[in-house]
Amino acid sequence: MIKACIFDLDGVIVDTALYHYQAWKRLANELGFDFTEHQNEQLKGVSRVRSLELILGWGGVTKTQTEQTELATRKNQWYVEMINRMQPSEILPGAKEFLQAAKAAGLKTALGSASKNSSTILERVGLLPFFDAIVDGNHVAASKPDPEVFLKGAEALGTDPSECVVFEDAIAGIQAAKAGNMKVVGIGSPEILTGADLVVPGLHEMTIARLQALDSI
Ligand code: B16
Ligand code: MG
């Protein structure tokens, strides 16, 4: 029986990818190069440290560990300035309604995000009260596709992984959920999110009936 939902944040609940892109682009420009929005797709669901490594690679730039820490901190300051201005209107279509429906159906809810800024974002858009547990980049050692973030979410909710459904927009997150023996709903396109048990374009297409139907697969 399905007892809990675990949600990724960026790309599922809100679209913070644009803010990440603007902040990383500013950093790259300061270092003397640029990268495209298409390249930015590769950073979705990827940790801050790994994102910086990829971006420096695209620019052909080498930095020491200390310099990398300083650069990641600088990017994060710009990013935090932007997310501190986020509004409830930035919640993706259907996300709040599905969270409300999940709570009304007696399901437990957790966040399972790579971001270290997830609480700030949920607070800004007014969704913090909808989550029973928050597990994010501050609580895990291994990044998706490792299942750690989702397993910790299930543990925090006191739910067996097999009774959890994960909602994810990144392929690494789909793989992480599967590695954790969970059901997974992909948010996006079925051509990209192969391996998901169900793919919907957004949470506006999700219902509790569709969720419960995952029990039988
Ligand atoms: P931060 P998710 C991820 O969020 C983003 O998709 C990814 O682009 C970002 O680098 C990562 O969080 C870390 O974010 O710098 O705020 O710690 O999709 O896992 O909710
Ligand atoms: Mg995501």
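Residues numbered from 1 in each chain as written. Chains lettered and ligands numbered in written order. Predicted model: local features only at pLDDT ≥ 70, side-chain atom pairs only at ≥ 80, totals over all residues. Heavy atoms only, no water.

**Re the packing of helix H1 (residues 17–30) against helix H4 (residues 65–83)**
Packing of H1 against H4 leaves a shortest axis separation of 9 Å and a crossing angle of 140°. When the interaxial angle is binned, H1 and H4 end up oblique. Crossing of H1 against H4: the hand is right-handed. Contacts between H1 and H4 involve Tyr-19, His-20, Gln-22, Ala-23, Trp-24, Arg-26, Leu-27 and Glu-30 from the former and Leu-71, Arg-74, Lys-75, Trp-78, Tyr-79, Met-82 and Ile-83 from the latter. Of the residues that constitute the contact of H1 with H4, the class distribution is 9 nonpolar, 2 polar and 4 charged. (Axes fitted to C-alpha atoms, helices over the stretch in contact; angles between N-to-C directions. Helix = DSSP H or I, 4+ residues; strand = E, 2+ residues; numbered from the N terminus. Parallel < 35°, antiparallel > 145°, perpendicular 65-115°, else oblique. Left-handed = near helix turned anticlockwise from the far one by under 90°. Contact = heavy atoms within 4.5 Å. Nonpolar A, V, L, I, M, F, W, Y, C, P; charged D, E, K, R; others polar.)

**Looking at the coordination of the magnesium ion (ligand 2)**
With distances of 2.0 to 2.2 Å, the protein atoms coordinating the magnesium ion (ligand 2) are Asp-8 (OD), Asp-10 (O) and Asp-169 (OD). Each donor residue of the magnesium ion (ligand 2) belongs to the same chain, with the gaps between them written as D-x1-D-x158-D. Placement of the pair is Asp-8 in the loop between strand S1 (4–7) and H1 and Asp-169 in the loop between strand S4 (164–168) and helix H8 (171–179), with a sequence separation of 161 residues. Residue Asp-8 is classed as buried on the basis of its relative accessible area of 4%. (Donors = N, O, S within 2.8 Å, 3.2 Å for Na, K, Ca; no water. Buried < 20%, exposed > 50% of the residue type's maximum accessible area, 1.4 Å probe, protein only.)

**Describing the side chain of Glu-168**
Relative to the helices and strands, Glu-168 is located in strand S4. Under the relative-accessibility criterion, Glu-168 is labelled buried at 0%.

**Overview of the nonpolar core**
By size, the foremost hydrophobic cluster in this structure holds 50 residues, and its most contacted members are Phe-7, Ile-13, Phe-167 and Leu-203. With residues up to four places along the chain from it excluded, the contact list for Leu-203 reads Phe-7, Val-12, Ile-13, Pro-93, Gly-94, Ala-95, Phe-98, Phe-167 and Ile-187. If you look at the next biggest cluster of nonpolar residues, it comprises 18 residues, including Ala-133, Ala-154, Leu-157 and Ala-177. (Core = buried A, V, L, I, M, F, W, Y, C linked by side-chain atoms within 4.5 Å.)

Coordinates in, geometry out; function isn't part of it.
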